[in-house]
Structure formats: C-alpha cells, structure tokens
Amino acid sequence: MEDIEFTSSLEEIGEAELQGFFVGWQRAPTPARHLELLRNSNHIILAIDVQSKKVVGFITAITDKTLAAYIPFLEVLPKYQEKGIGKELTARMLEILKDFYMVDLLCDPDMQSFYENVGMNKATGMMRRNYDKQSGI
Ligand SMILES: CC(C)(COP(=O)(O)OP(=O)(O)OC[C@H]1O[C@@H](n2cnc3c(N)ncnc32)[C@H](O)[C@@H]1OP(=O)(O)O)[C@@H](O)C(=O)NCCC(=O)NCCS
C-alpha cells in the first residue's frame, strides 16, 4: 500500500488513467463515461498507483446533502486487490459521510462481511436495473 496514494481530485485524471474498470460488465461504461460519473458524484476517492499515476481503485457517493447518502460504486482493479485498498477507500468514504443519518449501499451476500468489517450493518434492499442503459444514458 506504500505505493498507493488516495485523492479526491480529478485534476490529473483523464481517460488514459481510467483503464480496466467495470470488470465482468456486459456493457461496460467507457473511460469517458467513468470520468463523467466521477465528476458528477458528490464525493469520490481514488486510489492511484504512484509509479504509473493510473487509477487502480475508486469509490463514489451521491447525497441529498441533508439526510441520506448512497454508495453506488466501489472497485479495485484485479491486480491490486487483496492489498487493503478497498477497505481503505470504504473507510475513508464512511468518514466523509459520517454526519449523514443514512448511508446505504447494495451488495451481494458474499460482500456483507467486507462491509461489516468497516462498521456497516446488513439490511434488505430493492433494486431495478435497466440493462440496456448499463453503459450510461
Ligand atoms: C470488493 C473489492 C473492492 C475489495 O477490494 P480489495 O482491495 O481487494 O479489498 P481489501 O484488500 O481492502 O480487503 C479488505 C478485507 O476484506 C476481505 N475481502 C476482500 N474481498 C472480499 C469479498 N469479495 N468478500 C468478502 N471479503 C472480502 C479481504 O480478505 C480483507 O480481509 P482482512 O481485512 O481480514 O484481511 C474488490 O474485490 C473489487 O473491486 N471487486 C469487484 C467489484 C465489487 O464487487 N465491488 C463491490 C460492489 S458492492
């Protein structure tokens, strides 16, 4: 983790720094769409490889700035997983969101222990997915 830095700035980030994300998505958003969703989120944290200057992990949050925050995305590139980056991104985002009444996210059951480890609680949720819009509107 000593070769990883964390930032909320997009100043030095372009499409070239955002390669390889949305692993397994059938219609993955392009790096341009990725950059767009980062710009439009209320809060972001990026994990950057200090050598390559590329983004290797990210987390986003959207909020109503009053009561509720939602965390739509957390991803660490496969090569960089299991080094503590995902946990650090999540812990940092929960710190940013600590004054909100509600901080919610959806995840598969096998991810629940990961989020419990950073202080979140299991819940039941609902969702709808418009798969024809998976790469962006
Ligand atoms: C989930 C993800 C972000 C984890 O990132 P990571 O950097 O590999 O995670 P960390 O190295 O910080 O792991 C922290 C701890 O969680 C555990 N962990 C990692 N992935 C896990 C998983 N899928 N399920 C349960 N525990 C997990 C690690 O073993 C580690 O445990 P430890 O603290 O006891 O050593 C990463 O695997 C990923 O990008 N997956 C694909 C996208 C995804 O599923 N995102 C989440 C959507 S809800």
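Reference entry: report on the structure contained in this document. Since the model is a prediction, treat every value here as computed from it, not as a measurement.

1. Remarks on the overall build of the protein
At step 1: Helix and strand counts for the protein come out as three helices and six strands.
At step 2: Radius of gyration (C-alpha) of the protein: 15 Å, near the 14 Å computed for a compact globule of 137 residues.
At step 3: C-alpha atoms of the protein, sized along the principal axes, occupy 40 × 40 × 30 Å.
At step 4: Split into buried and exposed, the 137 residues of the protein put 34% on the buried side.
At step 5: Within the protein, contacts between residues separated by at least 24 positions form 58% of all contacts whose residues are at least 6 apart in sequence.
At step 6: Accessible surface computed for the protein: about 9,100 Å², of which carbon and sulfur atoms make up 48%.
At step 7: In the protein, 15 side chains carry a positive charge and 20 a negative one; their mean positions are 5 Å apart.

2. Overview of the packing of aromatic side chains
At step 1: For the coordinates displayed, the defined rule picks out seven aromatic pairs.
At step 2: Pairing F21 with F58 gives two aromatic rings, centres 5.3 Å apart and planes at 90 degrees, and the pair type is edge-to-face. With F21 in the loop between strand 1 (4–7) and helix 1 (31–40) and F58 in strand 3 (residues 55–63), this residue pair connects regions lying 37 residues apart in the sequence.
At step 3: F58 sits in the buried class, given a relative accessible area of 1%.
At step 4: Ring centres 5.0 Å apart and planes at 90 degrees place the aromatic pair F114 and Y115 in the edge-to-face group.
At step 5: Among the aromatic residues, ring-to-ring pairing joins F21, F22, W25, F58 and F73 into one connected group.

3. Topic: the nonpolar core
At step 1: Within the largest apolar cluster, 34 residues are counted, with the highest numbers of intra-cluster contacts made by L46, I71, I85 and L89.
At step 2: Mapped onto this core, the elements with two or more residues apiece are strand 1, helix 1, strand 2 (43–49), strand 3 and helix 2 (85–96).
At step 3: In this view, I71 contacts I59, T60, A61, M93, L94, L97, V103, D104 and L105; residues no more than four positions away in its chain are not counted.

4. Focus: helix 1
At step 1: Buried residues of helix 1: H34, L35, L37 and L38, and no others. Buried residues of helix 1, seen end-on, are gathered within an arc of 165 degrees and therefore sit on one face of the element. Facing away from the buried surface of helix 1 by more than 90 degrees, the exposed residues are R39 and N40.
At step 2: If you follow the buried residues of helix 1, they end up packed against strand 2 and strand 3.

Criteria and cut-off values
- Residues take numbers from 1 onward in each chain, read along the sequence in its written order.
- Only residues with pLDDT of at least 70 are given local features in this predicted model, and only at 80 or more are side-chain atom pairs given and counted; all residues enter the totals for whole chains, interfaces and linings.
- Water and hydrogen atoms were dropped before computing side-chain values, which therefore reflect all heavy atoms in the structure.
- Put simply, DSSP H or I for four residues or longer makes a helix, DSSP E for two residues or longer makes a strand, and each gets a number counted from the N terminus.
- Two things to know: the radius of gyration comes from C-alpha atoms, and the globule rule equals 2.2 Å times the number of residues to the power 0.38.
- Categorising residues by exposure relies on relative accessible area from a 1.4 Å probe, with only protein chains included: less than 20% of the type maximum marks a residue as buried, more than 50% marks it as exposed, and the intermediate range marks it as partly exposed.
- Contacts were defined at the residue level, with two residues in contact if any of their heavy atoms lie within 4.5 Å.
- For every accessible area listed, the method is Shrake-Rupley and the probe measures 1.4 Å; residues are considered covered only by the protein chains on display.
- Charged residues are defined here as Lys and Arg on the positive side and Asp and Glu on the negative side; His and the ends of the chain fall outside this count.
- For charged residues, the charge sits on one atom: NZ in Lys, CZ in Arg, CG in Asp, CD in Glu.
- Put simply, two rings from Phe, Tyr or Trp (the six-membered ring, in Trp's case) pair if the centres are within 6.5 Å, and we call them stacked under 30 degrees between planes, edge-to-face over 60, tilted for the rest.
- The criterion is simple. A nonpolar core is a set of buried Ala, Val, Leu, Ile, Met, Phe, Trp, Tyr and Cys residues joined through side-chain atoms within 4.5 Å.
- The directions from the helix axis to the C-beta atoms are what the arc is built from.

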